Each structure stands twice: as C-alpha cells, then as structure tokens.
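Descriptive structure summary
Spelled out from the first residue to the last, the chains are:
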Amino acid sequence: MASSALTLDQLRRYAIARSLFAPTTLPKALQRLGFVQADPLCAPARAQDLTLRHRVAGYRVGDLDLRYAQMPVEEDFFVNYGFVRRDVHHLMHPRTPRIVWSASRIQQAQEVLAFVREAGVVRPAQVDAHFDHGRVVNWFGGNSKASTQLLDGMHYRGWLRVARREGGQRLYAVREHEPCGLEPEAIMDQLVDVIVAKYAPLPAASLGQLLSLLAGGVPQWRAQRPDVLARARLRLPSVVVDGTTWFWPAGESPASRRHEVDDQLRLLAPFDPVVWDRRRFEQLWGWAYRFEAYTPAAKRVRGHYAMPLLWHDQVIGWANVGAKSGVLTPDVGFVNAAPKGKAFALALEEELHRMSVFLGL
C-alpha cells in the first residue's frame, strides 16, 4: 500500500516519537510495546530494565521481575527471547519444534510435567533432585544438568511457563493450553502486526529479517514465511525513500506533526527498539553502531556495553556506564565532537541523574 512522499527526517522523527512515548504505567507500557527483549548482561542494568525505564513512570531497576507474576506477560521466545504480551504468547502455542523428541524423552517430560503439576511451582534443582537425569553437553560445549535442559525444552514447547524468577533463576509452573480458534494465516498476520508496531518504520530488508526471526517463535509455520511476507508488503502502508521501501502500521502517519521530538537526552539500551535494527540505525543516523560485549576487548571500537546517546532527533554518541562506590562512572564518546553550550551539558547531567535514581545509587 504505497503512501505519498516522505523524507528521511520525517521517518527519523516518527521512529523516535512513536517508540519513546510519554512514560506510563508498567502494564500499559508492556501492552503498547508488545514484546521487550531480555538479556542477562548487567552493564549497568539488564536490557529489559534499560528499555522500560524510558517508558514507565518512576521505573526502578528490577521492577519487572518484582511485578512479573501480576503482569499479563510471559517469558518466552518471540523474535528473540524476552517478555511477550500474554495474548501474543497465546497465539504462538502449542509449538512444534524442529527437533523431535524420542519416545524416552517424551516419557521423561511427561513425568516431569506430572511432578510440576502436583508441586505447583518448581525450581530446576527440585526436578533434578527428584529425577536425577544426569548431565548433558550444553550449547556452549560444557556440561549442564539434563533436568535444566529438559525444562528449557518443555518451556519452549509450551508445556511449562515461567511463573517467576528468584535470584535470576526461572521457576516453572504448568502452562494450560487454550486453543485460540484462528487459522495459521490470521495468527501470522497478527504476529507480524505486533512486530511492525514495535519496530516501525521498518526498511523492507528488516521486515524480512524479523519474519525470519519469528520462525523461532512459531517454528510450526516456518514454511509460511514467504506468503506472510507477501501479504504484509501488500497490506501495510509503505513509501520509498532514497531507494529503500519503508513499512509502518496501518492508521499511522509518519508525516504527522504530532511526531515531535523533545529535547531530553537519553542513553538507550543496545536492544532498545529505537536502535535494535542496526540496518535502520545506519540509514537514519549515518553511522554504524555495533554491540561489542562479545567482541575481544582489543577489537572494541566503542566499549563493552556502549549505549547510544540520543539527543533531539540525532544519535550523536554513546556511553559506557558503570558505578564505583555508589557513584555513576560514565565514559562518554561522540561520533564527531561533543555539542557545545550549556543545553547539552545540562541534558547529559539530567540523564545521568535519572540513571542514578533508576539504579538506586
């Protein structure tokens, strides 16, 4: 569905304004985002907390974990692992993974399922102590408890759900299956709409990439990707700017004057929806941002956990943020040079203060 001409400046402002909406309550923010990517690295906080702090009024590090059991969200895999709205989670199950379990593995899982159902909520250690499944080689070539791997598989298949976390460890409960009554085509289109609402405006190549990642959330419908993508390209509004086709949700107007960008400076998580799409990032801001936490230290360009620095409608630099003796220790870098004048210095000071409060320093 082609739209009238737009400029890259309009798309940039639209991308920022629609994602960095006015801070609201945690349930409303999760409803609007649809999905929040999770990451275990804590530098200075985990990605999900760093993402939510900009969108939830008064958010403090760890609030999602504390309130998770009362929230209409589930830990699960969508296009990545994270926290997905319960109505979206419901659409993806039951999954049919590509890896088929043997009859003996299914028997083990059924026995564990009965154990969890009777216990209500269990820790992996309880399952391991009761069944003594031994140890297996994990994804990284090391050894893990077989019960932990089995629980992971049962969670992915939708047999179990994460009830809550304690000390970072997942506690499991039985997930009751409720048929949604929709055809796969309708389900896939709904899931695509969640993706587009989260990451719009999306370059065509990024839309295709995200639909490939969605195969991890609904592997049973992997073969439908070409048809789903073709339908999305036809039904979603789009425009060609400088040779790139961009897509966004129906009913929205990237050219609207209401997409105004404020003068607040923000440090964004590497997985924040504003910066997650590295392809889009480079097109909108003219430089390449890369997540370097797993890059050898000697080869890093911007640092272990460099957070893009957004001011007005430009990403002008980055910061690695730590804490020492209860005091924030930021290391700020710039693409070109630090902006001159008191406005930028004050905006940076205010953002670092907000970060300190968020971290409880």
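The following paragraphs examine the structure supplied in this document. All values derive from a computational prediction rather than experimental measurement.

**Brief notes about the overall build of the protein**
In terms of helices and strands, the protein carries 13 helices and 14 strands. Relative to the 2.2 N^0.38 estimate, which gives 21 Å for 361 residues, the radius of gyration of the protein is 22 Å and therefore close to what a compact globule would have. Within the protein, buried positions represent 51% of all 361 residues. The long-range share in the protein, meaning contacts at least 24 apart out of those at least 6 apart in sequence, stands at 63%. Taken as a whole, the protein presents about 17000 Å² of accessible surface, with 53% of it coming from carbon and sulfur.

**As for the packing of aromatic side chains**
This model, assessed by the stated rule, comprises 16 aromatic pairs. Ring geometry for Phe-115 versus Phe-131: centroids 5.6 Å apart, planes at 80 degrees, classification edge-to-face. A residue pair is termed long-range when its members are at least 10 positions apart, and Phe-115 in helix α6 (residues 103–119) and Phe-131 in helix α7 (residues 124–131) qualify at 16 residues. Ring geometry for Phe-281 against Tyr-289: centres 5.7 Å apart, planes inclined by 40 degrees, an arrangement best described as tilted. The pair formed by Phe-281 and Tyr-289 is uniform in burial state, with each residue classed as buried. Here the guanidinium or amino end of Arg-53 rests over the ring plane of Phe-358, the centre of that ring lying 5.6 Å away. Sitting over the ring of Trp-318, Arg-302 keeps its end group 4.9 Å from the ring centre.

**With respect to α7**
Where α7 is concerned, the buried positions are Pro-124, Val-127 and Asp-128. Axial view of α7: buried residues confined to an arc of 100 degrees, hence all on one face. Exposed side chains of α7 directed beyond 90 degrees from the buried face belong to Ala-129 and His-130. One or two residues past the end of α7 sits Asp-132, with phi positive at roughly 50 degrees.

**Here's the deal with the pairing of strand β6 (residues 160–166)**
One ladder, built from 6 bridges, connects β6 with strand β7 (residues 169–174); its direction is antiparallel. Bridging across to β7, Arg-165 finds its partner in Arg-170.

**Here we look at the packing of helix α9 (residues 184–199) against helix α11 (residues 225–235)**
One way to put it is that α9 packs onto α11 with a least axis distance of 10 Å and a crossing angle of 60 degrees. Considering the angle they form, α9 stands oblique to α11. The element α9 and its partner α11 pack so that their crossing is right-handed. Across from Glu-185, Met-188, Asp-189, Val-192 and Asp-193 in α9, the residues of α11 making contact are Val-228, Arg-231, Ala-232 and Arg-235.

**What about the pattern of salt bridges?**
In the structure shown here, the tally under the stated rule is 21 salt bridges. Where Arg-95 meets Asp-76, a salt bridge forms, and the shortest distance between an N and an O atom there is 3.0 Å. One end of the pair, Arg-95, is in the loop between α5 (86–91) and α6; the other, Asp-76, is in strand β2 (residues 73–77), with 19 residues separating them in the sequence. Pair check on accessibility: Arg-95 and Asp-76 agree, each one buried. A salt bridge links Glu-351 to Arg-354, with the shortest nitrogen-to-oxygen separation between them at 3.0 Å. On the criterion of helical spacing, the pair formed by Glu-351 and Arg-354 is a turn pair, its members being 3 residues apart in helix α13 (residues 342–359).

**Quick look at the nonpolar core**
Core analysis: the largest hydrophobic core is formed by 107 residues, its most contacted members being Leu-52, Phe-78, Leu-191, Trp-285 and Met-355. By residue number, the principal contributor to this core is α9, which donates 8 residues. Not counting residues up to four positions away in its chain, the partners in contact with Leu-52 are Leu-26, Leu-30, Leu-33, Val-36, Tyr-59 and Leu-64.

So, how was this worked out
- Along each chain, numbering runs from 1 in the same order as the chain's sequence is written.
- Selection of residues for local features in this predicted model requires a pLDDT of at least 70, selection of side-chain atom pairs for listing and counting requires 80 or more, and totals for whole chains, interfaces and linings are taken over all residues.
- Values shown for side chains rest on all heavy atoms present in the structure; no hydrogens or waters enter the calculation.
- Helix and strand definitions here come from DSSP, where helices need a minimum of 4 consecutive H or I residues and strands a minimum of 2 consecutive E residues; each element is numbered from the N-terminal end.
- Computation of the radius of gyration draws on C-alpha atoms alone. For the globule rule, the value is 2.2 Å times the number of residues to the power 0.38.
- Exposure is judged per residue with a 1.4 Å probe applied to protein chains only, and the accessible area is read against the type maximum: over 50% gives exposed, under 20% gives buried, and values in between give partly exposed.
- Note on definitions: a residue-residue contact is assigned when non-hydrogen atoms from the two residues lie within 4.5 Å.
- Accessible areas in this description were obtained via Shrake-Rupley with a 1.4 Å probe; residue shielding takes into account the shown protein chains only.
- Two aromatic rings, drawn from Phe, Tyr or Trp (for Trp, its six-membered ring), form a pair once their centres lie within 6.5 Å of each other, and the interplanar angle then sorts them: stacked below 30 degrees, edge-to-face above 60, tilted otherwise.
- We call a charge positioned over a ring when the NZ of a Lys or the CZ of an Arg lies within 6 Å of the ring centre and within 35 degrees of the ring normal.
- Note that the arc is computed from the directions linking the helix axis to the C-beta atoms.
- When DSSP finds two or more bridges between a pair of strands, those strands are recorded as paired.
- Whenever a helix is involved, its axis is fitted only over the stretch in contact; in every case the axis is a line through C-alpha atoms, and angles between N-to-C directions fall within 0 to 180 degrees.
- Every angle not falling under 35 degrees, over 145, or within 65 to 115 is termed oblique; those three ranges are roughly parallel, roughly antiparallel and roughly perpendicular.
- A crossing counts as left-handed when the near helix is turned anticlockwise from the far one by less than a right angle, and as right-handed when that turn is clockwise.
- A side-chain nitrogen of Lys or Arg and a carboxyl oxygen of Asp or Glu constitute a salt bridge if their distance falls within 4 Å.
- As used in this record, nonpolar core signifies buried Ala, Val, Leu, Ile, Met, Phe, Trp, Tyr and Cys residues forming a set joined through side-chain atoms within 4.5 Å.

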